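Results of the structural survey
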Amino acid sequence: MARMKFLCDADRCIECNACVTACKNEHEVPWGINRRRVVTINDGLPGERSVSMACMHCTDAPCAAVCPVSCFYTTADAVVLHNKDTCIGCGYCSYACPFGAPQYPQTANFGTRGKMDKCTYCSGGPEADLSAAEYQKYGANRLAEGKLPLCAEMCSTKSLLAGDGDIIAEIYRERVVTRGYGSGAWGWRTAYGETVSV
Amino acid sequence: MRHTISRLSAGSGLVLTSAAVAMAQVNPTASSVNEEALLRALQSGEAVGGRVSIPNTDAGALIAPDNQLWAAMQGTTLPTLSIVAVLGTLALLVLFYLFRGRVRIEGGYSGRKILRFNAVERFAHWMLASTFIILALTGLNLIIGRTIILPLIGEGAFGTLTAWGKIAHNYLAWPFMAALIMVFLLWVIHNIPGKIDLEWIKQGGGILKKGVHPPARKFNFGQKIVFWAVILGGAAMSYTGFMLLFPTEAGSAADWQFYQVIHALVAAGMSALILGHIYIGTVGMEGAFDAMGTGEVDENWAREHHSLWVDEVKGTQARNNARATPAE
């Protein structure tokens, strides 16, 4: 089995937000929930870079470490998923996550957040693969269909890469060597404890 | 014609060369942001961030590595401390019981009763006590339930139980705070530390040896410690709990995390303290439970543990009786 990861090559990202739109459409994500978003650092200044960020599916995921009901689990592809039937909407995972991945359908005060929602790496949830219940709670399950996450698949500049960590790291490494620069594999150090060395 | 072409090609060559020189001079990444540099420059509690085009500006926080520190705290340190606080206190109480046994009324029951806590005092105490016990159990469940209860009843049942527990925790916090204020107003006057408490400390509260009974008024020094720990601890729990319930009031994520850690630490301390309080009010001491049960204690119990208070009450009674007696 592969160790699935995301890698955003910020030197290619043009902040078109198509990954965000594709994600919302593919999973019919409710209004106000952003499983993926694009952050522009040093916006308007020379050398600004945009990074598309979602759940990084961490090794030793901090969300799973703090969840009071242990609703998180890691799949054989190393994707971090959660069970919405167990989730109590306490919000702890959102304070543990370094990437702001956990999202809630309601306002945050007085414990009325509702069930947490986040990027599933387009691989659904604990329900039966490709079932109606799975789609309703977690969205599409492209991995079960043999496809990779849509955000990366339709990225027009191939900035956002998804796939086995070793393979996408090698693609990124080749790019950096060929063009002579790279702003880093954003989030890797924090999520996986190691970055792509060039 | 050929000359023109050669001149043109020479000219274009010149243009190409100068373009190459210009490219070498302008490094397209010279001022580019770099993840490693940004992470290195990060102050504690900060996040690498920027601008987002969605309404939620908080989503501009891209990478907040310190959230992992809180995750380790909440995931490992706090559960360990909570278990040690509760089980450690229980173990100490068992040892103490084996060593000292039940503190008996040395004079035996006299059969005469003195009113120690009236209905209002008992109502305030039991409102505080019942809400505290539910808050403590549901709070403890959030920290260590997944280690202890989840394997016993399964994920589905545990999720339902904890969801109800969360609702109970959020709503019972308010009667807890109301009772805390009531208890403070009712008893603060009796809990000001005084000179008499020095004697109580010198005699170790009289709890270690039989036949030792330092004088005390309505509350002895041990009870005063419990009172102030409950008031101050309860106030800390209320304030931090309010911040946890209203995270938009709490400030940044780092502030919320700080309140959460304080909330859990004070809760562990208070749970240990209250276990001791429950012990001495029930199995640990004969006759003690009546004070909060019926509100009336046996006179011999009162004379042994609150001698000066008995004198005060009796004195008042005697005066009242004297006043009530018609002049002849």
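This is a predicted model, so every value here is computed, not measured. (Residues numbered from 1 in each chain as written. Chains lettered and ligands numbered in written order. Predicted model: local features only at pLDDT ≥ 70, side-chain atom pairs only at ≥ 80, totals over all residues.)

**Examining the interface of chain A and chain B**
Just so we agree on the cut-off: We call two residues in contact when the distance between their C-beta atoms, placed using the backbone, is within 7 Å. Secondary structure is summarised from DSSP: a helix means a run of H or I of at least four residues, a strand means a run of E of at least two, and numbering begins at the N terminus for each. Residues are sorted three ways: Asp, Glu, Lys and Arg are charged, Ala, Val, Leu, Ile, Met, Phe, Trp, Tyr, Cys and Pro are nonpolar, and all the rest, Gly among them, are polar.
Facing the 42 residues of chain A at the interface are 48 residues of chain B. Counting residues per element, the ones that place at least two in the side of chain A that touches chain B are β2 (37-41), β3 (49-53), α2 (62-66), α3 (92-96) and α7 (188-192) of chain A. A total of five residues in the side of chain A that touches chain B trace back to one element, the largest contributor, which is β2 of chain A. Partitioned by chemical class, the residues of the side of chain A that touches chain B number 23 nonpolar, 14 polar and five charged.

**Topic: unusual backbone geometry**
All names here are of chain A. How we decide: Exposed residues have 12 or fewer other C-beta atoms within 10 Å of their own C-beta, buried residues have 20 or more, and partly exposed residues fall in between, where C-beta atoms are placed from the backbone.
The phi torsion at Glu15 lies on the positive side, around 50°, for a residue other than glycine. Tracing the sequence through the fold places Glu15 in the loop between β1 (4-8) and α1 (18-27). The exposure class assigned to Glu15 is partly exposed, which follows from the 19 C-beta atoms found within 10 Å. If you check the backbone angles, Asn42 has positive phi at about 55° while not being a glycine. Tracing the backbone shows Asn42 in the loop between β2 and β3.

**Some points on the environment of Thr162 of chain B**
Relative to the helices and strands, Thr162 of chain B is located in helix α6 (residues 155-187). The residues contacting Thr162 of chain B, other than those within four sequence positions of it, are Pro68, Val69 and Ile88 of chain A together with Asn141 and Gly145 of chain B.

**What about the confidence of the model for chain B?**
Caution applies to low-pLDDT parts of the model: their predicted coordinates are not meant to be read in detail. All names here are of chain B. In plain terms, the rule: pLDDT gives the predictor's per-residue confidence on a scale running from 0 to 100.
Residues with a pLDDT of 70 or more make up 88% of chain B, whose mean pLDDT is 88. Averaged pLDDT values for the elements of chain B fall to 46 in helix α1 (residues 2-25) and rise to 97 in helix α4 (residues 119-148). Low confidence marks residues 1-24, where pLDDT is under 50. Its contacts with residues over four positions away, or in another chain, come to zero contacts.

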